[in-house]
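Here is what each chain is made of, one letter per residue.
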Amino acid sequence: MTALPSSEGRIDTSRPHPARVYDWLLGGKDNYPVDEEVASKLPPEARLNAMRNRAFMHRAAAWLAGNGIDQFLDIGTGIPTEPNLHQIVQGIVPSARIAYVDNDPIVLRHAEALLFSSREGATDYIEADVRRPGTILDHARTFLDFTRPVALSMIALMHFITDDEDPYGLTRTILDALPSGSYFMFSHGTTDEHPHLVRSVNATYRKGEIPLRMRTRAEIEPFFEGLELVAPGLVTATHWYQDAPAPAQELSGFYVGVARVP
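Residues numbered from 1 in each chain as written. Predicted model: local features only at pLDDT ≥ 70, side-chain atom pairs only at ≥ 80, totals over all residues. Heavy atoms only, no water.

The name an unreviewed UniProt entry gives the protein is SAM-dependent methyltransferase, with Streptomyces sp. 900105755 as the organism.

Enquirer: Looking at this structure, how should I read the side chain of D35?
Expert: Mapped onto the elements, D35 comes out in helix α2 (residues 33-41). The class for D35 is buried, based on a relative accessible area of 0%. Engagement of the side chain of D35 in a polar contact is seen with the side chain of R20, the distance being 2.6 Å. In terms of polar contacts, D35 uses its side chain to reach the backbone amide nitrogen of Y32, at 2.8 Å. Non-local contacts of D35, meaning those with residues more than four positions away in its chain, are made with R15, P16, H17, R20 and V21. (Helix = DSSP H or I, 4+ residues; strand = E, 2+ residues; numbered from the N terminus. Buried < 20%, exposed > 50% of the residue type's maximum accessible area, 1.4 Å probe, protein only. Polar contact = N/O pair within 3.5 Å; in protein donor to acceptor, adjacent residues only side chain to side chain. Contact = heavy atoms within 4.5 Å.)

Enquirer: How do you make sense of unusual backbone geometry when you look at a structure like this?
Expert: Leave glycine aside and you will find that most residues have negative phi; peptide bonds, for their part, are mostly trans. Going from A231 to P232, the amide bond is cis rather than trans, its omega being 10 degrees. Tracing the backbone through its elements, the reader meets P232 in the loop between β6 (228-229) and β7 (235-236). Look at A156: it is not a glycine, yet its phi comes out positive at around 55 degrees. Topologically, A156 is positioned in the loop between β4 (151-155) and α8 (167-176). We note that D166 has phi near 60 degrees; this positive angle belongs to a residue other than glycine. Tracing the sequence through the fold places D166 in the loop between β4 and α8.

Enquirer: What should I look at first to understand the environment of G27 in this one?
Expert: Within the secondary structure, G27 sits in the loop between α1 (18-25) and α2. The spatial distance from the C-alpha of G27 to the C-alpha of A50 is 9.9 Å, given a sequence separation of 23 residues.

Enquirer: Even after reading the chapter, I still don't get the packing of aromatic side chains, so can you show me in this structure?
Expert: One pair of aromatic rings is described through two measures. These are the centre distance and the angle between the planes. Per the counting criterion, the structure on display carries 9 aromatic pairs. Their ring planes at 85 degrees and their centres at 5.5 Å tell us that F56 and W240 sit as a pair that is edge-to-face. Of this pair, F56 sits in helix α3 (residues 45-66) while W240 is found in the loop between β7 and β8 (254-260), placing the two residues 184 residues apart along the sequence. Residue F56 is classed as buried on the basis of its relative accessible area of 0%. For W240, a relative accessible area of 1% gives the class buried. Here the aromatic rings of Y168 and F223 are separated by 4.6 Å at their centres, their planes lie at 50 degrees, and the arrangement is tilted. With Y168 in helix α8 and F223 in the loop between α10 (217-220) and β6, the pair connects residues that are 55 residues apart, well separated along the chain. Judged by relative accessible area, Y168 falls into the partly exposed class, the value being 31%. Relative accessible area serves as the criterion here: at 2%, F223 is assigned to the buried category. Counting every residue linked through ring pairs, the aromatic cluster contains Y168, F184, F186, F223 and F224. (Phe/Tyr/Trp six-rings, centres within 6.5 Å; stacked < 30°, edge-to-face > 60°.)

This is how it looks when you write it as C-alpha cells:
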C-alpha cells in the first residue's frame with residue numbers, strides 16, 4: 001500500500017456532503033452536525049432505503065464475483081461501511097483487484113480501511129470526481145487490466161449529478177473505455193415509489209445546498225443504453241435477486257440494475 005496524502009485541513013465541516021449524509025443514514029459515525037442536520041430532516045423512509053440500496057450492492061457484487069469478474073472500478077465509494085465492496089468480492093475471489101474512487105476528503109482519511117486487501121488481491125484509492133472521467137480512467141488503467149472485463153460500480157451517485165452536468169455522457173465515457181464482457185452495477189435514487197415525499201426531500205437537500213436530481217424509471221433507462229441487462233432487469237432495489245425470488249415487496253426509493261457490456 002502506498003502512502004496517501006493527508007486530508008486534514010481540507011474537510012469542510014461547514015457544509016453537508018452527500019457521502020457523509022449517506023453515512024449517517026447507514027448508522028455511521030463519520031459525519032458532522034451539518035450532515036446530521038440534513039439527514040435527520042429527511043423522511044423516515046430514507047434510512048431504510050439507504051440500507052436496502054446497500055444490500056443490493058452486496059448481492060450484485062457477490063453475483064459478479066461468482067461469475068468470474070475479478071476487477072472492479074467503484075466510483076462514488078463513500079465512507080467505508082463494512083462489509084465494503086472488496087470484502088464481498090475477495091471473499092469469493094481472493095485475487096480480485098478493486099479501485100475505489102471518491103471526491104470527499106473524509107473518504108481519503110478513511111481510505112486505509114478500503115486498502116486493507118486480501119493477501120492475494122489488491123485495492124487502490126483514487127481521489128477524483130466523476131465529472132472528470134478522464135482522470136479516473138488514466139489512474140484506473142495503471143491498476144486494473146483494461147484488456148480484461150472490469151465491473152464498473154456506480155451506487156447512489158448519479159442523482160447528485162444535475163442534468164446540465166451531462167450524467168449520461170459522463171457514464172458513457174467510462175463505459176466506452178471498458179472491454180467487451182465488462183459489467184455495469186448501478187443504482188439511482190427515485191421518488192417514483194414515494195411521490196408524496198418529492199417536495200420534502202428536494203427541499204431538505206436544497207436547504208443543505210446539495211444538488212439533487214431524482215429521476216423516474218424512464219429517465220434512468222438511458223444509463224443502460226446499448227448494454228445487456230441481466231435478469232431481473234431494471235427494478236427497484238428490493239426486487240434484484242439472482243438465486244431466489246425477492247423475499248419481500250418492500251419499497252426502496254432506488255432503481256437498480258446490472259448490465260453486461262457487449
